[in-house]
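# Chains, contacts and geometry: an overview
Residues per chain are reported as follows:
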Amino acid sequence: MTRYLAKLRYFPGDPLEEIREKDLKSFEREYGVNISYGKVENREMKGGLLMEKTLDKRIEDISQEVITLSADQEDNFANCIIALYKKYRCPRTAYSLMGSNDAGQRIAKKLMNLHGGW
Amino acid sequence: MKILALNGSFRKNGNTEILLKQALMGAESEGAKVEILRLTDYKIGPCRGCGLCLFRENVCQVQDDDVRAIFSKVAECDGMILGAPCYFLELTAVIKQLIDRCWILGHQMGKVKKPAAVVVPYATRGWIPYVSIQSNLLLTLMGLSKIDELTICTQGISEVVLDPEAMDLAYHLGKETAVAVREKDFTYKGEVGICPSCHDRLVRILIDNETIECPTCGVRGNLIIRNGKITVKFEEKAWADNRFRPDVTYNHFTYHIAPSKDYFLRTKEERKIKTQKYREYLKT
């Protein structure tokens, strides 16, 4: 059985609306998938802007919100990805799926062009 | 007060140069000192896309051209007038070449310090849809705020002098720029357009066929057609996504660009193996 796993990395300013764990829970129930949420926050207010030095840092260590989605059924997985993209738009960088497995990454990436919100 | 004109036309004494000089005469009438640079007289090499201006703290690897000198001139002036002809739907290639080289200035996007005006001579009505995108982008990257824009329909070399209204408008444009510097009033005085931020009339329909976006600013809204009239409604919260806001620009360079160095280094070995056949194929 194929296991589909995607990590969607949203950096500050990327999601169109606030990512709330209760919304993710409702996606989890609706689509029969597993979702977990993680947040890294390293920004500091300086001169009126939330700032952070990200150059020469590991991607996993900079400020971001990570939605980790997994499922055994491709349809469930894909439909949930589409719903997430419609709500938040898709993550924006070339490295925003880092940590996904190959099967999950293939689907998440393909759907970016179709439903990514661009 | 110093007003600089940047000329994006190759033609000497062509319509762009004449309109820019007319604008500078207007600026002089308000007490400005003026200067004009023809961009094609300068060597402007292509951006190499190396990203080192970001990854190595503001050092551009292209050292053997005149871009730094152009940037210095822009830094020295108090206001600017950009002129470029439109030959094919957009501004001339030298403008795009300069835009690409502005990467090193990208960190300052949104930090407006000076006013600027734009003049675009073109030959055929309806063939200028992308001229504002380019001027908006170049000026924003250079830390300038567009206060007005003229598009002038004129064709053969120097024919614009036969159009007294165009010449008056150009003169006024120069005066307006000088006054904006003096009064520190960078309010936009041109045609309002569709996007309240960049004032362009372009909109892009997103793939959901529900949402539209200002392609320059990246701000989203909805199209409304009432009594045959088209308007665009931009939600207040959508302005948070305006790519020229200082925080949005900062986030772009901080989270979309800078961390790519880590990804690049991590994938070094894999890339080395997978790019081998391309290095050998059709080798030049």
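Here's what I pulled together on the structure shown here. (Residues numbered from 1 in each chain as written. Chains lettered and ligands numbered in written order. Predicted model: local features only at pLDDT ≥ 70, side-chain atom pairs only at ≥ 80, totals over all residues.)

### Considerations on the overall build of chain A
For clarity, the cut-off: Helix and strand labels come from DSSP, where a helix needs a run of H or I of at least four residues and a strand needs a run of E of at least two; each type is numbered from the N terminus. Every radius of gyration here is taken over C-alpha atoms, with the globule rule written as 2.2 Å times N^0.38, N being the number of residues. Here the C-beta atoms are placed from the backbone, and a residue counts as buried if at least 20 other C-beta atoms lie within 10 Å of its own, exposed if 12 or fewer do, and partly exposed otherwise. What counts as a contact here is a pair of residues whose C-beta atoms, placed from the backbone, lie within 7 Å.
If you tally the helices and strands in chain A, you get 3 helices and 5 strands. Mapped in sequence order, the helices and strands of chain A form the string β-α-β-β-β-β-α-α. Against the globule reference of 13 Å for 118 residues, chain A gives a C-alpha radius of gyration of 14 Å, in line with a compact fold. Judged by the C-alpha coordinates and their principal axes, chain A covers about 50 × 25 × 25 Å. In chain A, which comprises 118 residues, the proportion classed as buried is 31%. For chain A, restricting intrachain contacts to residue pairs at least 6 apart in sequence, the fraction spanning at least 24 positions comes to 77%.

### With respect to the interface of chain A and chain B
Quick reminder of the rule: Throughout, the ten residues Ala, Val, Leu, Ile, Met, Phe, Trp, Tyr, Cys and Pro are labelled nonpolar, Asp, Glu, Lys and Arg are labelled charged, and all others, Gly among them, are labelled polar.
Listed per partner, the contact involves 18 residues of chain A and 17 residues of chain B. Split into classes, the residues belonging to the side of chain A that touches chain B amount to 9 nonpolar, 4 polar and 5 charged.

### So, the pairing of strand β10 (residues 220–226) of chain B
Residue and element names in this part refer to chain B. In plain terms, the rule: Pairing between strands requires that DSSP locate at least two bridges from one strand to the other.
Taken together, the 3 bridges between strand β9 (residues 211–213) and β10 define a ladder with antiparallel strand orientation. Counterpart to T211 in the pairing with β10 is N222. Between the antiparallel neighbours β9 and β10 lie 6 residues, among them G218 with a positive phi of about 75°. The pairing of β10 with strand β11 (residues 229–234) spans 6 bridges and is classified as antiparallel. Directly across from G221, in β11, lies its bridge partner F234. With antiparallel pairing between neighbouring strands as the criterion, β10 and β11 make up a hairpin whose turn holds 2 residues, including N227 at a positive phi of roughly 50°.

### A closer look at the nonpolar core
Operational definition: Structurally, a nonpolar core is described as a collection of buried Ala, Val, Leu, Ile, Met, Phe, Trp, Tyr and Cys residues joined by way of C-beta atoms within 7 Å.
Counting 53 residues, the largest nonpolar core has I3, A23, M80, I81, L82, V119 and V120 of chain B as the members making the most contacts within it. In contact with M80 of chain B, not counting residues within four places along its chain, are I3, L4, L6, V74, K114, A116 and L144 of chain B.

### A short note on helix α9 (residues 268–280) of chain B
Residue and element names in this part refer to chain B. Basically, it comes down to this: What a helix is expected to span follows from its residue count: subtract one and scale by 1.5 Å. Note that bend, as reported per residue, equals the angle between axes fitted to the 7 residues terminating at that residue and the 7 residues originating from it.
With 13 residues, α9 should reach 18 Å at 1.5 Å per residue; the first-to-last C-alpha distance of 18 Å fits that figure. When the local axis directions of α9 are compared, the greatest deviation, roughly 40°, occurs at K274. In terms of burial, α9 is largely open, as just 0 of its 13 residues are buried. A positive phi of about 50° marks L282, the residue just after α9.

### Notes on unusual backbone geometry
All names here are of chain B. The backbone of N227 sits at a positive phi, close to 50°, despite the residue not being glycine. Within the secondary structure layout, N227 lies in the loop between β10 and β11. The residue L282 is not glycine, and still its phi comes out positive at about 50°. Tracing the backbone shows L282 in the segment after α9.

### Description of the environment of I107 of chain A
Residue and element names in this part refer to chain A. Mapped onto the elements, I107 comes out in helix α3 (residues 102–115). The exposure class of I107 is partly exposed, given the 18 C-beta atoms found within 10 Å. Put simply, I107 and P15 are 92 residues apart on the chain and 20 Å apart in space, counted from C-alpha to C-alpha. Among residues more than four places away in sequence, those in contact with I107 are Y4, E74, F77, A78 and I81.

### Brief notes about the pairing of strand β3 (residues 79–83) of chain B
Residues and elements named next belong to chain B. In terms of burial, β3 is a largely internal element, 5 of the 5 residues being buried. A two-sided burial pattern is seen for β3, the buried positions comprising G79, I81 and G83 on one face and M80 and L82 on the other. Bridge count for strand β1 (residues 2–7) against β3 is 5 bridges, and the pairing is parallel. Across the sheet, residue L6 finds its bridge partner in β3, namely L82.

### Considering the packing of helix α2 (residues 74–88) of chain A against α3 of chain A
Residue and element names in this part refer to chain A. Defined as follows: Angles shown run from 0 to 180 degrees and are taken between the N-to-C directions of axes, each axis being a line fitted to C-alpha atoms and, for helices, limited to the stretch in contact. These descriptions rest on fixed angle ranges, namely under 35 degrees for roughly parallel, over 145 for roughly antiparallel, 65 to 115 for roughly perpendicular, and the rest for oblique. Here a crossing is taken to be left-handed if its near helix is turned anticlockwise relative to the far helix by less than a right angle, and right-handed if that turn runs clockwise.
Between α2 and α3, the shortest axis-to-axis distance is 10 Å and the interhelical angle comes to 45°. Here α3 runs oblique to α2, going by the angle between their axes. Once α2 is placed against α3, the crossing between them reads as right-handed. Of the residues in α3, those touching α2 at E74, F77, A78, I81, I82, Y85 and K86 are I107, A108, L111 and H115. Tallied by class, residues from the contact of α2 with α3 come to 8 nonpolar, 1 polar and 2 charged.

Keep in mind that these numbers describe shape and distance, not what the molecule does.
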